[in-house]
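Architecture at a glance
The residues making up each chain are set out below.
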Amino acid sequence: MPKEPDTGYDPTLGRKFIFVTGGVMSGLGKGITAASTGRLLSNAGFDVTAVKIDPYLNVDAGTMNPYQHGEVYVLKDGGEVDLDLGNYERFLGVDMTSDHNVTTGKTYQHVIEKERAGDYLGKTVQIIPHITDDIKRRIREAAEGTDVCIVEVGGTVGDIEGMPYLEALRQFAHEEDDDDILFTHVTLVPYSKNGEQKTKPTQHSVKELRSIGLQPDVLVGRCENELDPETKEKIALFCDVPTEAVFSNSDVEDVYHVPLMVEEEGLDEYVMERLDLRPEALPKPERDNRWRELVTRERTEEVDIALVGKYDLEDAYMSVHEALKHAGIERRTEVNVLWVDSDEMLDRHEHRLKEADGVVVPGGFGSRGTAGKIKAIQYCRENDVPFLGLCLGFQMAVVEHARNVLGLESAHSAELEPETPHPVIDILPEQYEIDDMGGTMRLGAHDTEIEAGSLAEAVYGDTVCTERHRHRYEVNPEYIERLEDGPLSFSGRANNRMEILERTDHPYFFGTQFHPEFRSRPDRASPPFVGLLDAITGDLDARKLSGETEVQA
Ligand code: GLN
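First, a word on scope: everything that follows refers to the structure included in this document. (Residues numbered from 1 in each chain as written. Predicted model: local features only at pLDDT ≥ 70, side-chain atom pairs only at ≥ 80, totals over all residues. Heavy atoms only, no water.)

What to know about the overall build of the chain
What counts is decided by this rule: Here a helix means four or more residues in a row that DSSP labels H or I, a strand means two or more in a row labelled E, and each is numbered from the N terminus. Here the globule rule reads 2.2 Å times residues to the power 0.38, and the radius of gyration is calculated from C-alpha atoms. Burial status follows relative accessibility: with a 1.4 Å probe on protein chains alone, a residue under 20% of its type maximum counts as buried, one over 50% as exposed, and anything between as partly exposed. Throughout, a residue-residue contact means that at least one pair of heavy atoms, one from each residue, lies within 4.5 Å. Residues scored as charged are limited to Lys and Arg (positive) and Asp and Glu (negative), so that His and the chain ends carry no count. By convention, charge coordinates are those of NZ in Lys, CZ in Arg, CG in Asp, or CD in Glu.
On a plain count of helices and strands, the chain comes out with 19 helices and 21 strands. Against the globule reference of 24 Å for 553 residues, the chain gives a C-alpha radius of gyration of 25 Å, in line with a compact fold. Relative to its full complement of 553 residues, the chain shows a buried share of 57%. By sequence separation, contacts in the chain at least 24 residues apart represent 73% of the contacts at least 6 residues apart. Seen as two clouds, the 58 positive and the 106 negative side-chain charges of the chain have centres 3 Å apart.

Take a look at the structure:
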């Protein structure tokens, strides 16, 4: 049953769908534009959700290289999805499921399975209607229980792979009432050499949309600066929309300011008007103002954090960057991230590590760069530099301890050195039989029990936490006694799985087998990240001494 919305909005009036497409080129930030629109609607009291359509043939993002698509984002239910879902979760403040990421792989797999099971009774199975029907079903199901569903189509209009989706949206609009559907098209408005805003690419891209039967209701022009009134008029005239339906989305320093910018442009009001949502929306002064308050908070401190990874691409560690930002919001601290390439750690980038106030070693797969990560962890341990290790970063902290403290010189993770005589990180015996890439990982939210009186308890303010996972390997139970015979302890566990490690001989040496970054939100900073900042500014000691453990706003 649909949940009664805050505004008293009556869903029998029709659920609203905002379809967002992109033109001219990818990477224009249409996901952020869409998420920002959603945020404003949720500020106005509506229950908003989102669906991201990825027209690629992969079933999910699990096996994709972060170099091409950025990080693999992990949902509560274990779904390995496109990083845009992370943006939607952070902007809308809601948890999504794998059903909110529609891919060609999923759709075709489902339809082909049905065909094999004989469900189509001798019919010819075709893109139209079988694939398009399945796409529409997925969108409707994901929207269930909400007032507004934003559906973003990945890629650019004109891509062959995207065609079945645009056709499905055309049919969808045909099946629903006019005021329940809104098409938003995000395009690029470049400058010519003489400083003129050029609308031709937008015109062409809209022409392409119209040739497949889609007429945009709203156009958003990505441009370095605001669109000039003449530019808007020209776009309106050629693309057949009212001038008030053309909005600019200009460059901003921080993507979290995009909701503020599009609000100033009046995009939310226009969308509500068109979808007949305005009568139900909260009056302006009563709208939720938390987002603005959070993203415009004054910063009183500044810290430098080294991020030691192997992909020289910010998107590959997007949620880690975001989680650092959220901890900064929570503690009114400007967090600067210093990139340390783990391959360069041993020479060119070492000085960056030394300049940093704290160090994060994030997750990863494969052996490239691990020597540099281990070196960075050793440096933190020996020099009392606050350290946070995530997943592979946690595992490498175990390896570093085994090698350099316990003297097990060739200790390693069995993933990275299968022949190691000391596999301190290994597959658990109960996992041995499973051997299928992409399907054997421990994924999604699981509980961790936290030891009372530990640093972990001070960090989480609780004796249990529920965080998201994405890993195959674990601390080898055969080595736990030896590893814990000293200042290192596993203060968070899930039965025989080690989840959190800490050291008593260090101001903040904290590792997690899970990925706390995926649960972090602007208004719900992740405790291990806040702990890292507190350790740097000296607040962690005060927190531990006073027994005050609550870190969240
Ligand atoms: N490669 C390691 C494992 O599979 C760590 C995974 C990660 O960092 N996400 O256990």
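Digging into the packing of aromatic side chains
The following threshold applies: For this analysis, a ring pair means two rings from Phe, Tyr or Trp (six-membered ring only for Trp) whose centres lie within 6.5 Å, classed as stacked if their planes differ by under 30 degrees, edge-to-face if by over 60, and tilted for the remaining angles. Whether a charge sits over a ring depends on NZ of Lys or CZ of Arg being within 6 Å of the ring centre and within 35 degrees of the ring normal.
Within the structure shown, the criterion is met by 13 aromatic pairs. Where Phe91 meets Tyr256, the ring centres are 5.7 Å apart and the plane angle is 80 degrees; that geometry is what we call edge-to-face. Here Phe91 is found in helix 3 (residues 83-92), whereas its partner Tyr256 is found in the loop between strand 9 (246-250) and helix 9 (258-265), with 165 residues between them in sequence. Among the residues examined, Phe91 registers a relative accessible area of 0% and is labelled buried. Residue classification places Tyr256 among the buried residues on the basis of a relative accessible area of 1%. The side chain of Lys325 reaches across the aromatic face of Tyr256, ending 3.8 Å from its centre.

Regarding the packing of helix 1 (residues 30-43) against helix 3
In helix packing, the relevant descriptors are the interaxial angle and the interaxial distance, both defined with respect to the helix axes. The test is simple: Only the stretch in contact is used when fitting a helix axis, every axis being a line fitted to C-alpha atoms; angles between N-to-C directions are given from 0 to 180 degrees. Small angles under 35 degrees read as roughly parallel and large ones over 145 as roughly antiparallel, with 65 to 115 read as roughly perpendicular and the rest as oblique. Here a crossing is called left-handed whenever its near helix is offset anticlockwise from the far helix by less than a right angle, and right-handed whenever the offset is clockwise. Side-chain classes are defined by residue name, with Ala, Val, Leu, Ile, Met, Phe, Trp, Tyr, Cys and Pro counting as nonpolar, Asp, Glu, Lys and Arg as charged, and the others, Gly among them, as polar.
In contact at an axis separation of 9 Å, helix 1 and helix 3 are set at 25 degrees when each is read in the N-to-C sense. Judged by the angle between their axes, helix 1 and helix 3 are roughly parallel. Read as a crossing pair, helix 1 and helix 3 show a hand that is right-handed. Contact with helix 1, carried on its side by Gly31, Ile32, Ala34, Ala35, Ser36, Gly38 and Arg39, involves Asp84, Asn87, Tyr88, Phe91 and Leu92 of helix 3 and no other residues of that element. Class assignment of the residues belonging to the contact of helix 1 with helix 3 gives a composition of six nonpolar, four polar and two charged.

Some words on the environment of Asp505
As a reminder, the rule being used: Two N or O atoms count as a polar contact when they lie within 3.5 Å, although within protein this holds only if one can serve as hydrogen donor and the other as acceptor, and sequence-adjacent residues are included solely when both atoms are side-chain atoms.
On the secondary structure map, Asp505 appears in the loop between strand 20 (497-503) and strand 21 (509-512). Under the relative-accessibility criterion, Asp505 is labelled partly exposed at 42%. Taking the C-alpha atoms as reference points, Asp505 and Pro487, 18 residues apart in sequence, are found 5.9 Å from one another. Looking at Asp505, its side chain comes within polar contact range of the side chain of Arg503, at 2.9 Å.

Here we look at the pattern of salt bridges
Counted only if it meets this: A carboxyl oxygen of Asp or Glu within 4 Å of a side-chain nitrogen of Lys or Arg is what we treat as a salt bridge.
Applying the stated rule across the entire model yields 46 salt bridges. The residue Glu265 makes a salt bridge to Lys232 at a minimum N-O spacing of 3.2 Å. Of this pair, Glu265 sits in helix 9 while Lys232 sits in helix 8 (residues 229-239), and the two are 33 residues apart along the sequence. On the basis of relative accessibility, which here comes to 17%, the residue Lys232 falls in the buried class. Among the ionic contacts, a cluster of salt bridges with common partners joins Lys76, Glu89, Asp95, Arg468 and Arg521.

Re the sheet that holds strand 6 (residues 148-153)
How we decide: A strand pair is defined by DSSP finding two or more bridges across the two strands.
Taken in spatial order, the seven strands of this open sheet run 5-2-6-1-7-8-9, and their pairing is parallel. The open sheet terminates on both sides in strands that have one partner only, identified here as strand 5 (101-103) and strand 9. On average, each strand axis in the sheet is tilted by 20 degrees relative to the strand beside it, whichever way the strands run. Across three bridges, strand 2 (residues 48-54) lies against strand 5 in parallel orientation. Residue pairing across strands places Ile53 opposite Val102, the latter belonging to strand 5.

Regarding the site of the ligand
Quick note on the threshold: We call a residue near a molecule or strand whenever a single non-hydrogen atom of that residue lies within 4 Å of it. Calculation of accessible area relied on Shrake-Rupley with a 1.4 Å probe; when residues are assessed, cover is drawn exclusively from the protein chains displayed.
Taken together, Gly363, Gly364, Phe365, Cys391, Leu392, Gln395, Glu415, Arg470, His471, Arg472, Tyr473 and His515 are the residues near the ligand. Separating a nitrogen atom of the ligand from a side-chain N or O atom of Glu415 is a distance of 2.7 Å. At 3.1 Å, a side-chain N or O of His515 approaches a nitrogen atom of the ligand. Protein contacts shield 99% of the accessible area of the ligand, which totals 300 Å² for the unbound molecule. Listing elements by their share of the shell around the ligand, those giving two or more residues are helix 15 (392-404) and strand 17 (464-471). Class assignment for the residues of the shell around the ligand results in four nonpolar, five polar and three charged.

Section: the environment of Asp384
Tracing the backbone through its elements, the reader meets Asp384 in the loop between helix 14 (370-383) and strand 13 (387-390). Residues Asp384 and Asp505 lie 121 residues apart in sequence; the distance between their C-alpha atoms is 8.5 Å. With near-sequence residues (within four places) excluded, Asp384 lies in contact with Asp505, His506 and Pro507.

Considerations on the nonpolar core
Under the convention used in this document: For the purposes of this section, nonpolar cores are sets of buried Ala, Val, Leu, Ile, Met, Phe, Trp, Tyr and Cys residues that join through side-chain atoms within 4.5 Å.
Counting residues in each nonpolar core, the largest one holds 55 residues, and the members touching the most others are Ile18, Phe46, Tyr88 and Ile150. Sort the elements by how many residues they give to this core and helix 1 lands first, with five residues. Ignoring anything within four residues of it in the chain, the contact list for Ile18 reads Leu41, Val148, Cys149, Ile150, Val151, Leu182, Thr184, Val271 and Leu275. One finds Val340, Ala356, Phe394 and Ala402 within the second-largest nonpolar core, a separate group that totals 38 residues.

Describing the pairing of strand 21
Neither face of strand 21 is exposed, since Phe509 and Gly511 on one face and Phe510 and Thr512 on the opposite face are all buried. In terms of strand pairing, strand 13 meets strand 21 through four bridges, oriented parallel. Looking at strand 21, one finds that Leu388 is bridged to Phe510. Note that strand 20 and strand 21 share three bridges and pair antiparallel. By the bridge assignment for strand 21, Ile500 is matched with Thr512.

Such coordinate-based values are descriptive only and should not be taken to indicate function.
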